[in-house]
Amino acid sequence: MEEENGFIVLQQQKSQQLRARALQVGEEIEQAMKPQQPVDKLTILFLASNPQDTAKLALDQEVRSITEAIRKSEGRDGIEFFSRWAVQSLDILQAINETDPEIIHFSGHGSENGEIVLDDGSGKTTLVSKEAMAAAVISASKKIRLIFFNACFSQQEAKAVVEKVEAAIGMNTEIGDEAAIVFAAQFYSSIGFGLNLQQSFDQAKAALLLKGIPEADTPVLFVKEGLLAADIVMVAQEEAKKSSGSIMQMVKNIFS
């Protein structure tokens with residue numbers, strides 16, 4: 001009898017070890033899939049800069065259009081939107097630390113050399129290189145998933161930072177106010193309805209075509225090596241939120 005009890009205890013220990021290992025593997029799989037999974041609360045940080053010595057941009061209209069698009073989307077309750085105006089270079093780090101966003105949206109001017117134009121504190125222009133922006137992203141937060149440069153000639157900036165984040169959007173040439181506003185508003189509307197990044201980008205370009213704006217080829221989407229834009233979802237659709245079929249839940253159900 002004692003030998004039989006010992007065998008039962010041993011089998012129970014092995015079963016517990018197997019369960020623990022299965023849960024660990026489930027966690028590892030979910031961790032590996034995490035970059036493509038939606039978050040419970042998506043935070044968007046809008047950084048605006050329009051120094052006095054540069055052409056005036058309709059940044060207030062852009063913010064209005066984006067917030068209205070988010071408000072009308074299915075996932076509006078799961079999105080937080082913060083804006084910072086007349087941004088100076090060090091304001092970027094401060095704003096990221098304050099809001100801890102998944103998406104950074106910069107709207108303003110860009111130079112033909114791939115620099116973004118910020119305010120120097122006195123209303124005049126100062127330039128930030130793509131290398132400096134990439135360094136800021138690395139040091140600021142590991143939560144950042146997407147950086148959207150809604151500025152002229154920002155393709156180089158987007159290409160530089162995508163090595164550090166899941167995806168980035170830039171412009172391969174100049175972009176007009178109306179195009180920038182329409183594209184951004186539709187992009188965030190699509191994100192808010194739970195569409196993946198590729199669908200959201202394509203719908204934003206389609207919105208330009210529907211409005212008769214001949215700049216649909218100006219926005220460019222970059223995705224980190226090893227990822228697909230079609231797999232990146234920022235906001236969960238309502239059906240997905242109701243589902244309990246995650247890998248971890250299925251593993252737990254098996255051993256419960």
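Residues numbered from 1 in each chain as written. Predicted model: local features only at pLDDT ≥ 70, side-chain atom pairs only at ≥ 80, totals over all residues. Heavy atoms only, no water.

This part covers the confidence of the model for the protein. The predicted model of the protein has a mean per-residue pLDDT of 87, with 81% of residues at 70 or higher. Overall, residues 29–33 carries pLDDT values under 50, and its contacts beyond four positions in sequence, including any with other chains, amount to 5 contacts. (pLDDT = per-residue confidence, 0-100. Contact = heavy atoms within 4.5 Å.)

Within this structure, the stated rule accounts for 7 salt bridges. Between Glu-102 and Lys-143 there is a salt bridge, with its nearest N and O atoms 3.0 Å apart. Highlighted residues: Glu-102 in the loop between α3 (91–99) and β3 (103–108) and Lys-143 in the loop between α4 (130–140) and β6 (146–150), separated in sequence by 41 residues. Judged by relative accessible area, Glu-102 falls into the buried class, the value being 3%. A residue is classified by how much of its surface remains accessible, and Lys-143, at 36% relative accessible area, is partly exposed. The partner of Glu-166 in a salt bridge is Arg-145, and the shortest N-O contact between them spans 2.7 Å. One end of the pair, Glu-166, is in the loop between α5 (155–161) and β7 (167–171); the other, Arg-145, is in the loop between α4 and β6, with 21 residues separating them in the sequence. Taking relative accessible area as the criterion, Glu-166 reaches 8% and is therefore assigned buried. Overall, the relative accessible area of 5% leaves Arg-145 in the buried class. Taken together, the shared-partner salt bridges in this structure form one network comprising Glu-68, Arg-71 and Lys-72. (Salt bridge = Lys/Arg side-chain N within 4 Å of Asp/Glu carboxyl O. Helix = DSSP H or I, 4+ residues; strand = E, 2+ residues; numbered from the N terminus. Buried < 20%, exposed > 50% of the residue type's maximum accessible area, 1.4 Å probe, protein only.)

So, on to the packing of aromatic side chains. Overall, the coordinates contain 7 aromatic pairs when judged by the stated rule. Centre to centre, the rings of Phe-46 and Phe-81 are 6.0 Å apart; their planes meet at 45 degrees, and the pair counts as tilted. Linking Phe-46 in strand β1 (residues 42–49) with Phe-81 in strand β2 (residues 79–84), this pair joins segments that are 35 residues apart in sequence. On the accessibility criterion, Phe-81 (22% relative accessible area) is partly exposed. Judged by centre distance (5.8 Å) and plane angle (75 degrees), the rings of Phe-148 and Phe-183 are edge-to-face. Taken together, the residues span a long stretch of sequence, with Phe-148 in strand β6 and Phe-183 in helix α6 (residues 177–192) at a distance of 35 residues. Each member of the pair, Phe-148 as well as Phe-183, carries the same accessibility label: buried. Taken together, the ring pairs connect Phe-148, Phe-183, Phe-187, Tyr-188 and Phe-201 into an aromatic cluster. (Phe/Tyr/Trp six-rings, centres within 6.5 Å; stacked < 30°, edge-to-face > 60°.)

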